[in-house]
Amino acid sequence: MALDKNPSFELSKSSTWTEEKTMAWLRTLVREDGSRRIKEKTIAILLEEEIDGQVLQSITEEQLKEMGVKTLGQRGAVLAAKDILKKQKQNPGNGVDSKAFQALQKKFDELKQNLLVRTSEKEKMFMQVSHLQRIYGQVLQENEGLKNQLRRAGAKAEGKKTEVWVPSKAPPPNMLPRAASEAEAANGGAVVSRASKFFRPDRHSTHV
């Protein structure tokens, strides 16, 4: 017997169904070929006897005979419907198989746990990336500082003036006047060579 999964019928609350709602639910029970399992004649008898959801769960085959449900097939169909409601009452879940539901719940818990683990791993990775970004920023700052120092050092080097000694001026430091050569003495002291008039006694060389 197949059950039409109509969301308006909450099987866990079948004890509160009225006669009309109980009969409406019985009409949803169909065979595999789609034909209705409980005939309209049987439903009319149950409705006349004021069978609601609570009474249906305790009905017996003898009572069905007394009410006038003559065929064995129709009595069996009503009793099968009764068993559906009783099982649902003992194991509420709106028609869901308890084993299937537990397996689904277990799978859900596993997925939830995996999600928590992955979230924790992502948080750790994010912290590591943030730490590396801070280090990278510090390196960039230090590198920029070194560049600025090199620029300042280069500017100072370019700003220094190179002092060049001109022979016509006073002798440079640590140099003494050189004695005139014989040719220069004969020429009245005039310099006849391109050598400097001064020399450094510590190096024994003349300044050019």
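Residues numbered from 1 in each chain as written. Predicted model: local features only at pLDDT ≥ 70, side-chain atom pairs only at ≥ 80, totals over all residues. Heavy atoms only, no water.

Moving on, we get to the side chain of threonine 22. Among the secondary structure elements, threonine 22 is positioned in helix 1 (residues 19-27). In this structure the side chain of threonine 22 is engaged in a polar contact, spanning 2.7 Å, whose partner is the backbone oxygen of threonine 18. (Helix = DSSP H or I, 4+ residues; strand = E, 2+ residues; numbered from the N terminus. Polar contact = N/O pair within 3.5 Å; in protein donor to acceptor, adjacent residues only side chain to side chain.)

By size, the foremost hydrophobic cluster in this structure holds 22 residues, and its most contacted members are Trp25, Leu26, Leu46, Leu56, Ile59 and Leu64. Every element with two or more residues in this core is listed here: helix 1, helix 2 (40-48), helix 4 (61-67) and helix 5 (72-90). If one sorts the elements of this core by residue count, helix 5 sits on top with 5 residues. (Core = buried A, V, L, I, M, F, W, Y, C linked by side-chain atoms within 4.5 Å. Buried < 20%, exposed > 50% of the residue type's maximum accessible area, 1.4 Å probe, protein only.)

Now for a positive patch on the surface. There is a patch of like positive charges on the surface, built from Arg31, Lys39, Lys41 and Lys70. You can see arginine 31 is positioned in the loop between strand 2 (29-30) and helix 2. Look at arginine 31 and you get partly exposed, because its relative accessible area is 32%. (Patch = residues over 30% accessible without salt bridge, like charges linked within 9 Å, V, L, I, M, F, W, Y side chains within 5 Å. Areas by Shrake-Rupley, 256 points an atom, 1.4 Å probe, with all protein chains shown as cover. Salt bridge = Lys/Arg side-chain N within 4 Å of Asp/Glu carboxyl O. Lys, Arg positive; Asp, Glu negative; His and termini not counted. Charge placed at Lys NZ, Arg CZ, Asp CG, Glu CD.)

The next subject is the packing of helix 1 against helix 2. It is the contact of helix 1 with helix 2, at a shortest axis distance of 10 Å, that shows an interaxial angle of 160°. Taken together, helix 1 and helix 2 sit at an angle that is classed as roughly antiparallel. Helix 2 is crossed by helix 1, and the crossing has right-handed handedness. Judged by residue contacts, Glu19, Glu20, Met23, Leu26 and Arg27 of helix 1 engage Glu40, Ile43, Leu46 and Leu47 from helix 2. Partitioning the contact of helix 1 with helix 2 into residue classes produces 5 nonpolar, no polar and 4 charged. (Axes fitted to C-alpha atoms, helices over the stretch in contact; angles between N-to-C directions. Parallel < 35°, antiparallel > 145°, perpendicular 65-115°, else oblique. Left-handed = near helix turned anticlockwise from the far one by under 90°. Contact = heavy atoms within 4.5 Å. Nonpolar A, V, L, I, M, F, W, Y, C, P; charged D, E, K, R; others polar.)

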